[in-house]
Amino acid sequence: MSLAKRHPPVVLILLALWLMVLASSSQATIVAPILPRIGEALGIPEVLQGTLVTGYAIALSAFAIVIGPVSDRIGRRPVLLAGTSSMAVLLGMHGFASDFISLLCVRIGAGVSGGILTGVAVAYVGDYFPSSVVGGRVGG
């Protein structure tokens with residue numbers, strides 16, 4: 001069987017999708033408790049610190065809606081690869097942020113990546129598994 005036609009085990013597909021969604025959905029949970037330390041380190045006024053979580057969440061929400069039709073047109077896999085790659089790069093870029101504006105831009109970019117992953121991962125599950133087994137149903 002050629003490599004292009006070979007399908008990985010279902011558990012690997014689910015694990016990869018779970019990790020993608022975890023990486024995107026855990027961002028607010030991870031950042032929120034350390035906002036005071038981030039603000040201290042970068043000199044961000046307390047009144048602006050919450051925008052680092054809000055910017056991420058708004059970008060994620062908006063892009064999760066927009067990416068659906070895009071992934072319908074060009075395919076789920078390329079969109080998932082782009083989202084995963086951009087999430088990895090943007091998570092790494094957090095370490096290079098030196099002020100509020102640079103960190104906010106990175107957080108918004110990570111939110112866009114998170115929106116890609118969140119929106120398309122769920123659609124990928126729907127595409128990957130036959131309708132006869134989705135939701136634990138067996139049969140038609």
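For the structure, see preceding data.
Quick caveat, the model's predicted, so the values are computed rather than measured.

J.: Sorry, what's going on with the pattern of salt bridges here?
T.: Pairing of side chains with opposite charge becomes possible as their charged atoms draw close. In this structure the tally under the stated criterion is two salt bridges. A salt bridge links arginine 76 to aspartate 72, with the shortest nitrogen-to-oxygen separation between them at 2.7 Å. Residue arginine 76 is classed as buried on the basis of its relative accessible area, which comes to 15%. In this structure aspartate 72 comes out as exposed when scored by relative accessible area, which is 55%. Residue arginine 76 is joined to aspartate 127 by a salt bridge in which the shortest nitrogen-to-oxygen separation is 2.6 Å. Of the two residues, arginine 76 sits in helix α6 (residues 76-93) while aspartate 127 sits in helix α7 (residues 100-128), which places them 51 residues apart along the sequence. Exposure remark for aspartate 127: the relative accessible area of 49% places this residue in the partly exposed category. Each of Asp72, Arg76 and Asp127 takes part in one network of salt bridges that share partners.

J.: Teacher, can you tell me more about helix α5 (residues 51-74) here?
T.: For an α-helix, 3.6 residues make a turn, and residues three or four places apart therefore share a direction. For α5, which comprises 24 residues, the first-to-last C-alpha distance of 33 Å matches the rise-based estimate of 34 Å (1.5 Å per residue) to within 8%. By the burial criterion, the buried members of α5 are Leu52, Val53, Gly55, Tyr56, Ala59, Leu60, Ile67 and Ser71. Looking at the buried positions of α5, the neighbouring elements they touch are α1 (10-25), α2 (27-31), α3 (35-42), α4 (46-49), α6 and α7. The first or second residue beyond α5 is glycine 75, which carries a positive phi of 110 degrees.

How each quantity is defined
- Residues numbered from 1 in each chain as written.
- Predicted model: local features only at pLDDT ≥ 70, side-chain atom pairs only at ≥ 80, totals over all residues.
- Heavy atoms only, no water.
- Salt bridge = Lys/Arg side-chain N within 4 Å of Asp/Glu carboxyl O.
- Buried < 20%, exposed > 50% of the residue type's maximum accessible area, 1.4 Å probe, protein only.
- Helix = DSSP H or I, 4+ residues; strand = E, 2+ residues; numbered from the N terminus.
- Expected span 1.5 Å × (residues − 1).
- Contact = heavy atoms within 4.5 Å.

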